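Structural features, examined
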2 protein chains.
Amino acid sequence: MSILVVGSVAFDDVTSPSGSVKNVLAGAATYFSLAASYFTDVRVVAVVGDDFGPDQEKVFRDHRIDIRGVERANGKTFRWGGTYTDNLNEAQTDFTELNVFESFQPRIPKEYEDSDFLFLANIQPALQAAVRRKMSRARLTGCDTMNYWINRTPTELAETLKLVDVLLINDTEAKMLAHETNLPRAAQKVMAMGPKALVIKHGEYGATIFFREGAFGFGTHPFRAPALPIEEVKDPTGAGDSFAGGFMGYIASQQELNREVLKRAMFYGGVMGSFVVERFGPERLRSLTRDEIEARFQLFRELTHLE
Amino acid sequence: MSILVVGSVAFDDVTSPSGSVKNVLAGAATYFSLAASYFTDVRVVAVVGDDFGPDQEKVFRDHRIDIRGVERANGKTFRWGGTYTDNLNEAQTDFTELNVFESFQPRIPKEYEDSDFLFLANIQPALQAAVRRKMSRARLTGCDTMNYWINRTPTELAETLKLVDVLLINDTEAKMLAHETNLPRAAQKVMAMGPKALVIKHGEYGATIFFREGAFGFGTHPFRAPALPIEEVKDPTGAGDSFAGGFMGYIASQQELNREVLKRAMFYGGVMGSFVVERFGPERLRSLTRDEIEARFQLFRELTHLE
C-alpha cells in the first residue's frame, strides 16, 4: 500500500563528537520517506528551492519515492545547523534558515489522493489539519509535533490532534502537552485529546506505545520497544523521523491493522532509528538491504525476549 | 539456596508529591532482603542502634529473614531524610545521620559462612572487599556502589571490582566510573575492571545487563528488561535495592547459573522495583504473594514480547 508524508526537506550542517558535515540532504520528510521506502510505496509533499537539483532528486528516485508532490519554489531550501556535544539526545541549534519553507502551503497532487496511509511530519498544526481533512480516505494517520507548536499554537494543535490516529512525540513533549510529569498519566491525557494510540520516544531507551481502550484491540496495556545500545552514535539527527518511517512504513505493508502489527511496527521503528544514527545525515538509510533490517529486528528481539 | 546481604539498615523520613512519612524502617539491606525473601533464604549483616526493637525485628522475621548477623550497637540507627519533587528519579537529601553506621565493621557469623550467594550493598568499598574475601565459597557475588565512592575512594573500589561477578549501578554511575559518556563503551570499560556482567539501571526506562565475552554463556549481546510505566510512584526510595533483591534472589533460587537465568532475573528485578515504589518505604514488599509477583512478571513479558 502507499503512504503519503508531508513535511520538511532541508540541507543540514551537523557537528557531533564524531565529526561534522555540511549541506547534507535532510529534513523530516527525507528521513521518513527513505526509512519507509524499505517497506512500502512512499509519496512526498514538501517544498524545496533552486538549490535542490538532480543529485537530490536521485536520492529519492533510487528508492522509488514519488516526489511529484515536491514543490519547487524560488529561493533557497530550508537550512538547519546543529551541534551535538556529549548529550547526544539534544542538539544545540546553530542556525535555522526557513527560506522557502516559511511560506509552505502543502498542495496534494490529485494522484496522491488515494494514498492509504498518511504521515504528518512536524510542521505547523493548522497545515497538518488541512492536509488531514483533504486525505479523508487514509486508513490511518500518524502525526509528529514539537515543543514549539505545543507552546505557541495550542489551539491549532488541539484541532489537529482530534484528526489523527497515532501521535509520535518524545517524553518531554508528552509531559508538556499534558501538563503532567507522570508519563502514563500524561499518555492518558494526550489520548483523551484525540489520538487512539500514542508513541512516546525515549531516545536511547527506546519507545513506548500506549493504546486507548478498545483501539486496535482490547485492553490498555502499553508496549515497549527497545533501542539498541550503540557504541558509536555519529549523528542523532533524523532518528525520530526514521523511527516514524519504519513504524508507519511497516504498518502500511500489512493487510491487518491490529495491536500485534503496531507492536512489530514499534520494533521496525527502533530498527530504522538505530541504523540512521550510525552515519551522518541519512546516508545509512540509502544503502540498507531488507536482510540487514531483518537481522537487526532479530537483534532487537534477542535484546528483550526471554526464551 | 541462601544469600547473604551486607549493607545498611536505616530509618528514613521521605517526602514526595504523594505525601510524606517519618521513621520508616528502610536502608539497602532492608529493601534487598525483603525483595529477595520471596525467592530464597536471606541472611543479613548490618548494624542497628538502640532504637531498633521488636517491631523492626518482626518485619524481618515475618519473611523468615535471618538477622543473627545484625549487630546491636550503642547509639542510634542510621537515619536519612530525603525529598522528591517532580523528578522522581533523584532525591534531594535533607539530612544524613550515620550514627552507629559510621563505624560499621561487618562481622560474618560462623553460621553464614556457607551462604551460596553474596550481595554487597552500597557501603565503603574496602569493607565490601573484606567481606567478599571472607565469603570465598559464594557461587556469585553481586555488588552495588555509588557516586560518593567512585569519586572519593577509586583505588579501594577498583580492588573491590576485581572480586565481584555482577555490578549493579545506574547510568550516571557507570559513565562516571568509566570516564565515558557512551553507555555500551562505558559498560565494556567497567567490565574490564573485573565484573563478568554489569547491570545498568535506567530508572523508569528499565535496566540493561551487559555480559563479558564468555561469561555465563556465549556472545556479548546485552539484554534489556523494562520497567513498568506506573501511574503513581509514591516513593522511589529503595527501588534499586529491591531490583537487586529480586535479581539476586531469583538467581539464588535456580540450580543453573547461565544467561537465561540472568535474563529472567532482570525481569524479576524490575518486578520487585515496580512494586516497592507503589507505597512509601518497603511496605509493599511486606504483603506480596508469589502469585502477584508472577502476574506482574507476565505483565512485563506482555509489555515487551512480540507474538
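An account of the accompanying structure is given in this report. Bear in mind the structure is a predicted one, so any value in this text is a computation, not a measurement.

Parameters and conventions
- Residues numbered from 1 in each chain as written.
- Chains lettered and ligands numbered in written order.
- Predicted model: local features only at pLDDT ≥ 70, side-chain atom pairs only at ≥ 80, totals over all residues.
- Heavy atoms only, no water.
- Pairing = 2+ DSSP bridges.
- Helix = DSSP H or I, 4+ residues; strand = E, 2+ residues; numbered from the N terminus.
- Axes fitted to C-alpha atoms, helices over the stretch in contact; angles between N-to-C directions.
- Parallel < 35°, antiparallel > 145°, perpendicular 65-115°, else oblique.
- Left-handed = near helix turned anticlockwise from the far one by under 90°.
- Contact = heavy atoms within 4.5 Å.
- Nonpolar A, V, L, I, M, F, W, Y, C, P; charged D, E, K, R; others polar.
- Buried area = accessible area lost by both parts, 1.4 Å probe.
- Salt bridge = Lys/Arg side-chain N within 4 Å of Asp/Glu carboxyl O.
- Polar contact = N/O pair within 3.5 Å; in protein donor to acceptor, adjacent residues only side chain to side chain.
- Least-squares fit on C-alpha atoms with pLDDT ≥ 70 in both.

**Description of the sheet that holds strand 3 (residues 19-26) of chain A**
Strands belonging to one sheet form pairs held by backbone hydrogen bonds; the direction of such a pair is parallel or antiparallel. All names here are of chain A. With mixed pairing, the 4 strands of this open sheet are ordered in space as 3-2-6-7. With partners counted over all chains shown, the strands left at the sheet margins are strand 3 and strand 7 (92-97), one partner each. On average, each strand axis in the sheet is inclined to that of its neighbour by 10°, with strand direction left out of account. Pairing of strand 2 (residues 10-16) with strand 6 (residues 78-83) involves 6 bridges; the strand directions are parallel.

**Details of the packing of helix 3 (residues 125-134) of chain A against helix 5 (residues 154-161) of chain A**
Residues and elements named next belong to chain A. At a minimum axis distance of 8 Å, the contact between helix 3 and helix 5 shows a crossing angle of 25°. Relative to helix 5, the element helix 3 lies roughly parallel. When the axes of helix 3 and helix 5 are compared, the crossing they make is left-handed. Facing helix 3, whose interface residues are Pro 125, Ala 126, Gln 128, Ala 129 and Arg 133, helix 5 presents Glu 156, Leu 157, Glu 159 and Thr 160. Grouping the amino acids of the contact of helix 3 with helix 5 by side-chain chemistry returns 4 nonpolar, 2 polar and 3 charged.

**Describing the interface of chain B and chain A**
Facing 37 residues of chain B, the contacting portion of chain A comprises 37 residues. Of the roughly 3400 Å² buried at the junction of chain B and chain A (both faces included), carbon and sulfur atoms supply 53%. Across the contact surface, chain B and chain A share 0 salt bridges. For the pair chain B and chain A, the interface holds 20 residue pairs in polar contact (both at pLDDT 80 or more). For the side of chain B that touches chain A, the leading source of residues is helix 11 (residues 290-304) of chain B, giving 6 residues. Taken together, the residues that form the side of chain B that touches chain A break down as 15 nonpolar, 8 polar and 14 charged.

**Thoughts on the relation of the copies chain B and chain A**
At an RMSD of 0.0 Å, chain B and chain A line up after a rotation of 180° and a shift of 0.0 Å along the axis. This pairing of chains is accounted for by a two-fold axis. Comparing interface residues between copies, 100% of those in chain B also sit at the interface in chain A, which points to an isologous, same-surface contact.

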